Structure formats: C-alpha cells, structure tokens
Amino acid sequence: MSEADTTAAADTPTRTIRAACPHDCPDTCAIRVTVQDDQVLKLQGDPNHPMTHGALCTKVSRYAERVEHPDRVLQPLRRVGKKGEGRFEPVSWDEALDDIAARLKAIAARDPRAILPYSYAGTMGLVQGESMAARFFHRLGASLLDRTICASAGAAGLMAAYGGKVGMRTEHFAQSKLIIIWGSNSIASNLHFWTFVQQAKRNGAKLWCIDPRRTETADKCHRHLAIKPGTDGALALAIARELIVRDELDHDYIRDHLEGFEVLLQKAMPWTLEKAAAECGVALEDLRELAHDYGAARHGTGAAPAAIRLNYGMQRVHGGGNAVRLAALLPCLIGAWRHPGGGLLLSSSGWFAPVRADAWLQRPDLMAGRPVRTINMSTIGDDLLRESSEGFGPKVEAVVVYNSNPVAVAPESSKVVRGFQREDLFTVVLEHFLTDTADQADYVLPATTQLEHWDVHTSYGHTDVVINEPALRPRGQARSNAQIFRDLARRMGYDDPCFLDDDEALARGAVKGIDFTALREQGWQPLGVADAPFAQGGFPTPSGKARVACAAYGVPDYIPNHESAVSTPELAQRYPLAMISPPARNFLNSTFVNVRSLRDIEGEPLLEMHPDDAQPRQLQDGQTVCVFNDRGRYHCRLRVSTRARPGVVNGLGIWWRKLGLRGTNVNEVTHQRLTDLGRAPTFYDCLVEVAAAKAA
Ligand SMILES: Nc1nc2c(c(=O)[nH]1)N[C@H]1C(S)=C(S)[C@@H](COP(=O)(O)OP(=O)(O)OC[C@H]3O[C@@H](n4cnc5c(=O)[nH]c(N)nc54)[C@H](O)[C@@H]3O)O[C@H]1N2
Ligand SMILES: Nc1nc2c(c(=O)[nH]1)N[C@H]1C(S)=C(S)[C@@H](COP(=O)(O)OP(=O)(O)OC[C@H]3O[C@@H](n4cnc5c(=O)[nH]c(N)nc54)[C@H](O)[C@@H]3O)O[C@H]1N2
Ligand code: SF4
Ligand SMILES: [Mo]
C-alpha cells in the first residue's frame, strides 16, 4: 500500500511504496520506495521490519541503478546473427508472441515434452516465479524442471533429519552463547543474520566458523576451522562421537525426541578425533576444542544455549545431503532445542508451507493424464545435447528461460553453451539484460523488475510474508513474467479462466490465512512460529521425533567427494588442487555483474591461492592464470593469499562469461555429477590445476 507524503515540497506528491527484495538471499528484506513523478527518490530498508531494521546491503541499496540501467532490454528482440552472437533486431510484442506461440504449438503437436521451461530464483516472488508460468507449462504438458541448482541436497538432509525445512528463528541467535557458523559466509550472504550474531558476541558468545576459506566472517569469529571441502560429514560424526564418549548427551531429549540413536552411535564410533582431524585436514587440538565447546553447552549443565547456522556452502559436494543431515542431529544430542537460542537453522522455508497456495498458483492438475518427463536443471549441459531415446524421452527442441542465467551458473558450462548453440533448438529468454544466456536466444522478451510489478514473498531466512507493490510504471515495453505467460496462453488458445488472473489477483491469492489488507498496510506479516519450536519435540515427521535413519533416506554416513586424492587418485595426480567457487560479495550469483559500480568493487574474476601452492608453481600475485582440468579452462586474476588453505583454491563467482577474462567463467571447470541426496550439483567438489596464462 502506498501512503501520500504530506511533507513533500514539490508540486507532484511523493508516495512511499512497500516492496520486498526479490533476490535469492535468506534475508528477504522489506523495502520502502519513495517515488515522485515515476522516479525513485529514495529506496531504503524498512526500519520497522525486525529482520531488515532499516538496512539494505550494498547491492540492493543501488537497485534503482539496475532498474534504470542504460543496457536494459526494453523491447522484444529477435535474433539476426548466428546462434550465440548476441545480435538482435527489435520486433513488436505481437510479432514476437505470435511467432513464439506458433513455434511452441508445432513442437507440442509432436510431443510437448520436447519443450523445457528453465527458471530459478532471479526473483523469489511467488507471482513472478512459478505462478502463471507454471500454469502455462502444465497446461502445455511441457517437461517438468527439477529445480535443484542451489538447495535441494540440504533440503533433503533436513527432510531426512527433521521432516521439513524448519529450524531456529534467526533473531534468537542473539540469545546464543555458542554459535557455529558452518559452511556460510554470513557477512557476505546473510548480512542481517550477522547483526544478531554481533549482539550475541557482545553478550559473551563464542563464535566458531567452519569453512575451507578464511572469509570475512571467519575473520570476525573467535575460532576458524579451515576444513577440506566436502569433509563436513566426518567432522559431524567426530563431534557426535566425542559427545557420546564424554557422556555430554541430553539423555531425556534423545529418549523422547530422537529416533535411531543406536544407528548414529554405530556410525560415529569409528570417527575418533584423530581420524577426523586427518580426514578434514585440521589440527587435532582445534577439533577437540570445537567438540568440547559444543559438549559443554549440553542442556542442563548451565552453559547452553548453542546454535548452529548451517548454510548451503557445505552441501555442494558429493556427500552434501548427508553432511547436512549429520550436522542436523547434533542439537538433538545435547538437547539444544530446549532453549530459543539453541538448535540449528539452515532454512526457514518449510514454516511457510501452511500459508502458501502453491496448488492454486501453479495448477499442477492442468497436467492430469499427460505423460510426465522431468529434467534436472543441474544437468542441462548434458540434457541439451541428448538425442531422443526411450530412457530420456524426446530430444529438447525448445527452452523458455526466465529468472535464470544457466549459461553462467550451471556446471560444466562449455556443454551448456554447446547445447544452447544447437541450430535446431528454439530458445526464448525473458530478461532484464542481455546476459550470457540471452545472447543464445532466438527471442529475448523484456521483463519488468521488482519496482514495476506485483509480488508476494516468503523467506528462507526469516518467518515473515513480505508484499511487493509496483512502485514505477514498467520501463519501455517491459511486461511482467506473469503477463508474458498470460499473453502466450491466449495465443495458444487456452481458455481455462485461470489464465485470466491478473498479477494483483495472483498476489492476493498467493498466500492463505494472511490478511492481505494488513499485509499491504504494514508491508509484512509474521507467521507466528513458536520461540523454541522443538523444545518438546514436535518435528514435522510422522512420529514427531527427529530421526537418524528412515526408509526414504536410508542410513546417514560420511561420503567423500567425487573428486579427491582418495576417490580418484589418478585424477588427483594431474589436478592436485581442490577448487571451491563461493559467490563474490558484491554480486548475487550472476546478477549485478553488469552493474558498473558493483563490478568496479570486485575488479576482476579472482582466484585465491595459498602461498605454499603458488611458490612451487612460480605464480605471482596479480598475474593472469589459467585454471584447468579435462573439462575446460578458466582465466582469471591470481591473488596469493592465506584466505585460501593449502591445497584448496577459491574461484570467486559467478561472473558473466562475456565480462570475465577471455570469455570464460568458473563453471568451465565444474562438473555435472550430483549429490548423494537431492540430485543437486557439486560445484565445490572439483579438482583443478593452475598455471600462468599463455598470451591471449
Ligand atoms: N552477496 C551475496 N549474497 C548471496 C549470494 C551471492 O551470490 N552474493 N547468493 C545467495 C544464494 S543463491 C545462496 S544459496 C546463499 C548461500 O548462502 P551461503 O551458503 O551462506 O553461501 P556462501 O556465502 O557462499 O557461503 C558458503 C561458504 O561455504 C564455504 N564452503 C565451500 N565448500 C565448503 C565445504 O565443503 N564445507 C564447508 N563447511 N564450507 C564450505 C565457502 O567457502 C563459503 O564461504 O547466499 C545468498 N546470498
Ligand atoms: N560455480 C558455482 N556455480 C553456482 C553457484 C556457486 O556457488 N558456484 N551457486 C549456485 C546457486 S546457489 C544458485 S542459486 C544459482 C543461481 O542461478 P540463477 O537463479 O540463474 O541466478 P542469477 O545468476 O542471479 O540469474 C538470475 C537472472 O534472472 C533475472 N531476473 C531477475 N528478476 C527477473 C524477473 O522478474 N523476470 C525475469 N524474466 N528475469 C529476472 C536476472 O536479470 C538474472 O539474469 O547458481 C548456482 N551456480
Ligand atoms: S540481497 Fe539480501 S541483504 Fe540485500 S537487500 Fe536483498 S534480502 Fe536484503
Ligand atoms: Mo542459491
């Protein structure tokens, strides 16, 4: 809802609009946009929203720069050059939509599963994400997309242990006395959580960071355990064993609220601190201190509460699902859940399940009776290059991309590029900019930004629903995703009344049991999650107990990386460095790479390498290097730094290929193998070698 500002001095009144940050970030900030004459005067975090508390990150405080960016695509474009050249001519909406509908109809007449929607979290909004788009593709009978590229391994780990994507409330970390930040660079990627950590620190909490990279977050914690990538499962088992042998268990909590303790005991016993320290590549003393700190927080010993902030960094490896699952069992062992400031948080998104009207928004029933084929978005490189076969189904003949930039973000990008460059593939991309993916399109359709459309947001870091009302008129000829799919549905002749719902109607229907007027007035509405939600058990499993093992997910264990000295010794001889590729702080995945002021802060694509690895390779800080393996070559600037641990290089992502060095980015060298649970990509499970770059 907008409120007229009576203090305005100018003739035209200013309005303040309630908005939400659309990005894939756990904080889901509530925003106030002050507008005059269809221009943004001010864009700020909502001071009244408890999680946002008036502050936006550097990236989004400049959101207006992105909206008014001179490079924005503001009219429909049709390819004139060769595939992938990025040369286009403007066309009218009617021409573009008529042609796209005709092409899709022709393919659908043979087999609609040859059409693939490809989308992720360019916007996390329920309306501009999977609402009208999902209705459209369900009615069409297109292939389904398994949206695994970010979080599905961790999600499976939480489902296995707790039965849902649920955990502590972020604000309660302020009450914790021990905080373990595990696989997360919170200062970069979860800034508002960090505020609560600082409060806890001021109140005497001890902070641990478990991360192969010495991040800015690790710098601010008391202790940093720089484990080798992908060894978190071994670490969790060793902590469990230490709790068991020192009898630092909350026996009552285990008896009442955990199923299968004996299975965990059996799996943990081989993992002595010595064995785990060797596997994880850390000092025995450090590991012992961590385990003992956690044990000292056992409920009832007077110390507690202990909180674990897991994040998605630890699950992008072969054993990532099980690692999350094992870590998630630790708070049950010490009864940490009994206190609001104790427990664990990976994602809060499961708390929203009762209010989300997904079935109404997405209408999977429109697909009823049709043959279903599902494609995993993380293997798009291979799948675009597959022929029709009985196992695979029809060859992909058309891709419609929205809210995603797969050419930059999907693994093994040389294959992704080759797939998109197929002459017989018809590609439509809904975008704000000519990204690496849009360059591959037959049609680029101009999409509105968050300030130009309606939306409703849930969150994976807090428990409030946040509204986003349009603040500006659509720029140029831009249309919202939902409108574009509505327009296409009409041309396809779809007459179900659901294809008439406009964006505001979709926003109104997106959540149930939340008063829409109150949501518009305040900008957000809390779900009302209990303070210590699992103090008395009540996990969303059939028994209400957390569980070590279960039929659907088997028995948890430590699973080493796909690529490592142990799993692939021959490969490790040729490519002895493990590479992780966490995001650069001033980008959001590949979003904002084209915003000059943010790119200038990042400078160039960087690879951090420890001096002990640089010296024998005779590599100098600042030189251009080539990171390579059998899959490809990635060029970037070398930074010799102790932010990297020996044996591990950090390739900060995710640059647009065309704005990187020699048209490459870090996903040239990553592979398409999947995680143990959740069918997710394993970006941080990747062996490489690094050498000085040859002259271009
Ligand atoms: N500024 C900024 N914020 C973002 C994003 C962004 O690109 N930029 N991306 C957003 C998205 S899509 C997501 S999913 C979230 C992700 O949120 P987080 O999961 O918190 O992501 P990162 O900040 O990358 O932190 C992951 C950390 O895990 C570490 N790591 C890598 N491998 C391992 C391992 O095997 N074990 C352990 N313990 N640690 C490991 C990395 O070094 C990195 O510091 O952040 C969101 N927020
Ligand atoms: N090597 C490596 N690769 C990674 C990762 C990593 O850590 N390392 N992280 C992975 C993770 S966690 C994730 S989540 C994925 C992210 O992958 P994506 O979800 O593809 O994220 P972005 O790169 O931010 O691209 C989103 C695109 O959506 C567009 N967009 C935004 N809003 C709208 C809208 O309203 N309408 C339309 N039509 N378009 C819109 C933006 O302009 C942007 O180009 O990348 C993954 N890739
Ligand atoms: S990216 Fe995250 S921290 Fe930045 S404004 Fe959006 S929700 Fe807030
Ligand atoms: Mo993500």
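This is a predicted model, so every value here is computed, not measured. (Residues numbered from 1 in each chain as written. Chains lettered and ligands numbered in written order. Predicted model: local features only at pLDDT ≥ 70, side-chain atom pairs only at ≥ 80, totals over all residues. Heavy atoms only, no water.)

Caption draft 1: Here's a closer look at the environment of glycine 81. Within the secondary structure, glycine 81 is located in the loop between strand E5 (77–79) and strand E6 (88–90). Placed 361 residues apart in sequence, glycine 81 and aspartate 442 show a C-alpha to C-alpha distance of 9.6 Å. (Helix = DSSP H or I, 4+ residues; strand = E, 2+ residues; numbered from the N terminus.)

Caption draft 2: Region of interest: the sheet that holds strand E17 (residues 426–431). Taken together, 6 strands build an open sheet; the order of strands is E6-E5-E18-E17-E16-E7 and the sheet is mixed. Edge positions in the open sheet fall to E6 and strand E7 (115–119), since each of these has one partner strand only. Taken over all neighbouring pairs, the strand axes of this sheet differ in orientation by 20 degrees on average, direction set aside. Pairing of E17 with strand E18 (residues 443–446), which is carried by 4 bridges, proceeds in the parallel orientation. The residue bridging glutamate 431 from the neighbouring strand is proline 446, located in E18. (Pairing = 2+ DSSP bridges. Axes fitted to C-alpha atoms, helices over the stretch in contact; angles between N-to-C directions.)

Caption draft 3: Geometry of empty space enclosed by the protein. In the structure shown here, the tally under the stated rule is 2 cavities of 30 Å³ or more. In this structure, the second largest cavity encloses a volume near 30 Å³. Forming the boundary of the second largest cavity are Gly230, Asp232, Gly233, Met314, Val317, Gly319, Ala323, Tyr558 and Ile559. The residue makeup of the lining of the second largest cavity, split by class, is 5 nonpolar, 3 polar and 1 charged. (1 Å grid on protein atoms, 1.4 Å probe; cavity = no way out; pocket = protein on both sides within 12 Å on 5 of 7 lines; lining within 4 Å. Points joined across faces, edges and corners; volume = space filled by probe spheres on them. Nonpolar A, V, L, I, M, F, W, Y, C, P; charged D, E, K, R; others polar.)

Caption draft 4: Examining the site of ligand 2 more closely. Around ligand 2, 31 residues are found, and the nearest of them are Arg66, Ser404, Glu431, Ser590 and Thr591. Between ligand 2 and asparagine 405 there is a distance of 2.9 Å, counted from an oxygen atom to a backbone nitrogen or oxygen. Asparagine 481 has a polar side-chain atom sitting 2.9 Å from a nitrogen atom of ligand 2. Isolated, ligand 2 exposes 920 Å² of accessible area, and the fraction of that covered by the protein chains is 97%. When the residues that make up the shell around ligand 2 are grouped by side-chain class, the tally is 12 nonpolar, 15 polar and 4 charged. Of the domains in this structure, domain 2 (77–149 + 353–526) and domain 4 (569–692) are the two that each give at least three residues to the shell around ligand 2. (Near = heavy atom within 4 Å. Polar contact = N/O pair within 3.5 Å; in protein donor to acceptor, adjacent residues only side chain to side chain. Areas by Shrake-Rupley, 256 points an atom, 1.4 Å probe, with all protein chains shown as cover. Domains from an automatic or database assignment.)

Caption draft 5: Molecular detail of the site of ligand 3. Neighbouring residues of ligand 3: Cys21, Cys25, Asp27, Thr28, Cys29, Leu56, Cys57, Val60, His192 and Leu588. Class assignment of the residues belonging to the shell around ligand 3 gives a composition of 7 nonpolar, 2 polar and 1 charged.

Caption draft 6: Highlighting the packing of helix H9 (residues 232–245) against helix H12 (residues 273–280). Between H9 and H12, the least distance of the axes is 9 Å, while the angle of their chain directions is 165 degrees. Between H9 and H12, the angle falls in the class roughly antiparallel. As for how H9 packs across H12, the hand of that crossing is left-handed. On H12, the residues touching Ala234, Leu235, Ala238 and Glu242 of H9 are Leu273, Ala276, Glu279 and Cys280. (Parallel < 35°, antiparallel > 145°, perpendicular 65-115°, else oblique. Left-handed = near helix turned anticlockwise from the far one by under 90°. Contact = heavy atoms within 4.5 Å.)

Caption draft 7: Structural context of the domain arrangement of the protein. Taken domain by domain, the protein consists of domain 1 (3–67), domain 2 (77–149 + 353–526), domain 3 (153–346) and domain 4 (569–692). With centres defined by C-alpha atoms, the gap from domain 1 to domain 2 works out at 26 Å. If you look at the interface, domain 1 gives 29 residues, while domain 2 gives 32 residues. Summed over both sides, the interface between domain 1 and domain 2 buries roughly 2400 Å², with carbon and sulfur atoms accounting for 58% of that surface. At the junction of domain 1 with domain 2, the criterion picks out 2 salt bridges. A salt bridge links aspartate 38 to arginine 475; the shortest N-O distance between them is 2.7 Å. Between domain 1 and domain 2 we count 18 residue pairs in polar contact (both at pLDDT 80 or more) in total. (Buried area = accessible area lost by both parts, 1.4 Å probe. Salt bridge = Lys/Arg side-chain N within 4 Å of Asp/Glu carboxyl O.)

Caption draft 8: Representation of the layout of surface pockets within the structure. Estimated volume of the largest pocket: approximately 1000 Å³. Around the largest pocket sit 31 residues that line it, and Tyr120, Met124, Arg147, Lys165 and Arg356 are the ones nearest its centre. Broken down by secondary-structure element, the contributors of at least two residues to the lining of the largest pocket are strand E8 (144–146), helix H5 (152–162) and helix H15 (358–362). When the residues that make up the lining of the largest pocket are grouped by side-chain class, the tally is 14 nonpolar, 10 polar and 7 charged. Two domains each put at least three residues into the lining of the largest pocket: domain 2 (77–149 + 353–526) and domain 3 (153–346). There is about 430 Å³ of room inside the second largest pocket. In terms of lining residues, the second largest pocket is bounded by 24 residues, among which Lys228, Pro229, Ser564, Ala565 and Ala578 are the most central. Taken together, the residues of the lining of the second largest pocket sort by class into 14 nonpolar, 5 polar and 5 charged.

Caption draft 9: View of the pairing of strand E2 (residues 14–20). Burial runs high along E2: 6 of the 7 residues are buried. Taken together, the 6 bridges between E2 and strand E3 (residues 30–36) define a ladder with antiparallel strand orientation. For alanine 19, the partnering residue across the bridge sits in E3 and is isoleucine 31. (Buried < 20%, exposed > 50% of the residue type's maximum accessible area, 1.4 Å probe, protein only.)

Caption draft 10: Expanded view of the packing of aromatic side chains. The final tally for this structure, using the stated rule, is 21 aromatic pairs. Aromatic pair tyrosine 575 and phenylalanine 628: ring centres 6.1 Å apart, planes at 85 degrees, arrangement edge-to-face. Placement of tyrosine 575 in the loop between helix H22 (569–574) and strand E23 (577–580) and of phenylalanine 628 in strand E25 (residues 624–629) is noted, with a sequence separation of 53 residues between them. When its relative accessible area of 8% is taken as the criterion, tyrosine 575 is described as buried. Three or more aromatic residues joined by ring pairs make a cluster, and in this case those are Phe136, Phe137, Tyr402, Phe485, Tyr494 and Phe499. Positioned above the aromatic ring of phenylalanine 392, the side-chain terminus of arginine 373 is 4.6 Å from the ring centre. The cationic tip of arginine 386 hangs over the ring face of phenylalanine 392; the distance from NZ or CZ to the ring centre is 5.4 Å. (Phe/Tyr/Trp six-rings, centres within 6.5 Å; stacked < 30°, edge-to-face > 60°. Lys NZ or Arg CZ within 6 Å of the ring centre and 35° of its normal.)

Caption draft 11: Inspection of a nonpolar patch on the surface at higher detail. Side chains of Val245, Leu265 and Met269 sit close together on the surface and give an oily, nonpolar patch of about 210 Å² of accessible area. Of note, leucine 265 is situated in helix H11 (residues 261–268). Using a relative accessible area of 32% as the deciding quantity, one classes leucine 265 as partly exposed. (Patch = residues over 30% accessible without salt bridge, like charges linked within 9 Å, V, L, I, M, F, W, Y side chains within 5 Å.)

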